[in-house]
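# Commentary on secondary and tertiary structure
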Amino acid sequence: MATNPAERRESLVSVFREAQSCTKCSLSDSRTQVVFGSGNADADLLFVGEAPGAEEDRLGVPFVGRSGNLLTTMLAEVGIAREDVFIANTLKCRPPDNRDPLPSEIETCRPWLAEQIRLIEPRVVATLGNFATKLLREDPAGITKVHGVPVERRLGDRTVTLFPLFHPAAALRSTSVADLMRRDIAALARLLDRPEDPGVVE
Ligand code: URA
């Protein structure tokens with residue numbers, strides 16, 4: 001794996017370029033562009049959301065709409081700067097009319113996320129909402145049950161701490177979900193400050 005941040009970034013940029021022309025599923029017919037992900041290639045913390053929305057599809061950057069603004073604000077509240085983390089999605093292309101990702105699309109897109117995790121080598125992966133959480137925990141348990149509970153998981157050839165969070169779109173719809181999400185993000189910040197925390201192995 002990359003030995004320094006510049007090499008890591010370079011490797012990630014070459015995967016980004018490759019992903020731009022992906023036609024592995026039919027979302028390539030309706031997308032404006034592939035939304036690969038953005039942020040610090042050397043980040044300890046990787047966020048994985050669901051799929052780009054209209055604004056993300058237009059700008060080519062994840063979490064730039066209302067959900068993204070809320071996420072950025074909640075992170076800033078606990079001293080986490082957006083520039084210091086990497087943000088990606090389960091699907092790299094926008095589903096038409098923002099419908100839910102299909103299981104076949106998630107499976108087809110999965111290697112791009114696996115490659116991002118392999119290159120970035122994050123210590124903690126925070127999943128936003130049900131789709132990313134179920135995919136990476138490899139468990140059907142929903143976000144309402146597992147939010148805020150760190151677990152260790154083998155992703156590729158590395159063990160990372162998974163930290164499930166509510167999706168910010170759910171927090172925009174409900175103040176009680178927003179409160180829970182704030183509380184979980186505070187716990188996430190504490191976890192990042194404790195490098196030796198082993199989390200819970202299931
Ligand atoms: N919701 C997501 O899950 N991802 C984005 O990039 C934007 C909104």
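Provided above is the structure to which this section pertains.
Please read all numbers here as calculations on a predicted model, not as lab measurements.

Judged by how many residues are buried, strand β5 (residues 151-155) sits mostly within the fold: four of five residues are covered. As paired strands, β5 and strand β6 (residues 158-165) are joined by five bridges and run antiparallel to one another. Along β6, the bridge assignment pairs Arg153 with Val160. The loop that links β5 with its antiparallel partner β6 comprises two residues; one of these, Gly156, has a positive phi angle of about 65°.

Inspection of the secondary structure assignment puts Thr133 in helix α6 (residues 130-137). Thr133 sits in the buried class, given a relative accessible area of 0%. Reaching out from Thr133, the side chain makes a polar contact with the side chain of Thr127 at a distance of 2.9 Å.

Right, let's get into the site of the ligand. Close to the ligand lie Gly49, Glu50, Ala51, Pro52, Glu56, Pro62, Phe63, Asn89 and His167, which account for all nearby residues. Phe63 has a polar backbone atom sitting 2.9 Å from an oxygen atom of the ligand. Here a nitrogen atom of the ligand and a side-chain polar atom of Asn89 are 2.8 Å apart. Here the ligand is seated within the largest pocket. Each residue belonging to the shell around the ligand can be placed in one class, and the counts come to four nonpolar, three polar and two charged.

Between helix α5 (residues 103-120) and α6, the shortest axis-to-axis distance is 12 Å and the interhelical angle comes to 75°. Taken together, α5 and α6 sit at an angle that is classed as roughly perpendicular. Mapping the contact onto sequence places Ile106, Arg110 and Leu113 in α5 and Phe131, Leu135 and Leu136 in α6. Residue composition of the contact of α5 with α6, grouped by class: five nonpolar, no polar and one charged.

Moving on: helix α4 (residues 66-77). Between the first and last C-alpha of α4 there are 17 Å, a value that for 12 residues agrees with the 16 Å anticipated at 1.5 Å per step. Residues of α4 that are buried: Ser67, Gly68, Leu70, Leu71, Met74 and Leu75. Down the axis of α4, the sector holding all buried residues measures 160°, keeping them to one side. Set apart from the buried face of α4 by more than 90 degrees, the exposed residues are Arg66 and Ala76. The secondary structure elements touched by the buried residues of α4 are β2 (45-49), β3 (86-89), β4 (124-128), α8 (168-173) and α9 (175-192).

Taken as a whole, the largest pocket holds about 670 Å³ of empty space. Lining the largest pocket are 29 residues; nearest its centre among them are Glu50, Ala51, Ser67, His167 and Ala169. For the lining of the largest pocket, the secondary-structure elements that each account for two or more residues are α3 (54-59), α4, α6, α7 (143-146) and α8. Take the lining of the largest pocket: its biggest share by element is four residues, from α8. Taken together, the residues of the lining of the largest pocket sort by class into 12 nonpolar, 10 polar and seven charged.

Let's shift gears to the packing of aromatic side chains. The full count for this structure, using the stated rule, is one aromatic pair. On the basis of an interplanar angle of 80° and a centroid distance of 5.6 Å, the ring pair of Phe16 and Phe36 is categorised as edge-to-face. One end of the pair, Phe16, is in helix α1 (residues 5-20); the other, Phe36, is in the loop between α2 (27-30) and β1 (38-39), and 20 residues separate them in sequence. On the basis of relative accessible area, Phe36 is assigned to the buried category, the value being 3%.

Calculation criteria
- Residues numbered from 1 in each chain as written.
- Predicted model: local features only at pLDDT ≥ 70, side-chain atom pairs only at ≥ 80, totals over all residues.
- Heavy atoms only, no water.
- Buried < 20%, exposed > 50% of the residue type's maximum accessible area, 1.4 Å probe, protein only.
- Helix = DSSP H or I, 4+ residues; strand = E, 2+ residues; numbered from the N terminus.
- Pairing = 2+ DSSP bridges.
- Polar contact = N/O pair within 3.5 Å; in protein donor to acceptor, adjacent residues only side chain to side chain.
- Near = heavy atom within 4 Å.
- 1 Å grid on protein atoms, 1.4 Å probe; cavity = no way out; pocket = protein on both sides within 12 Å on 5 of 7 lines; lining within 4 Å.
- Sits in = over half its atoms within 2 Å of the grid points.
- Nonpolar A, V, L, I, M, F, W, Y, C, P; charged D, E, K, R; others polar.
- Axes fitted to C-alpha atoms, helices over the stretch in contact; angles between N-to-C directions.
- Parallel < 35°, antiparallel > 145°, perpendicular 65-115°, else oblique.
- Contact = heavy atoms within 4.5 Å.
- Expected span 1.5 Å × (residues − 1).
- Arc of directions from axis to C-beta.
- Points joined across faces, edges and corners; volume = space filled by probe spheres on them.
- Phe/Tyr/Trp six-rings, centres within 6.5 Å; stacked < 30°, edge-to-face > 60°.

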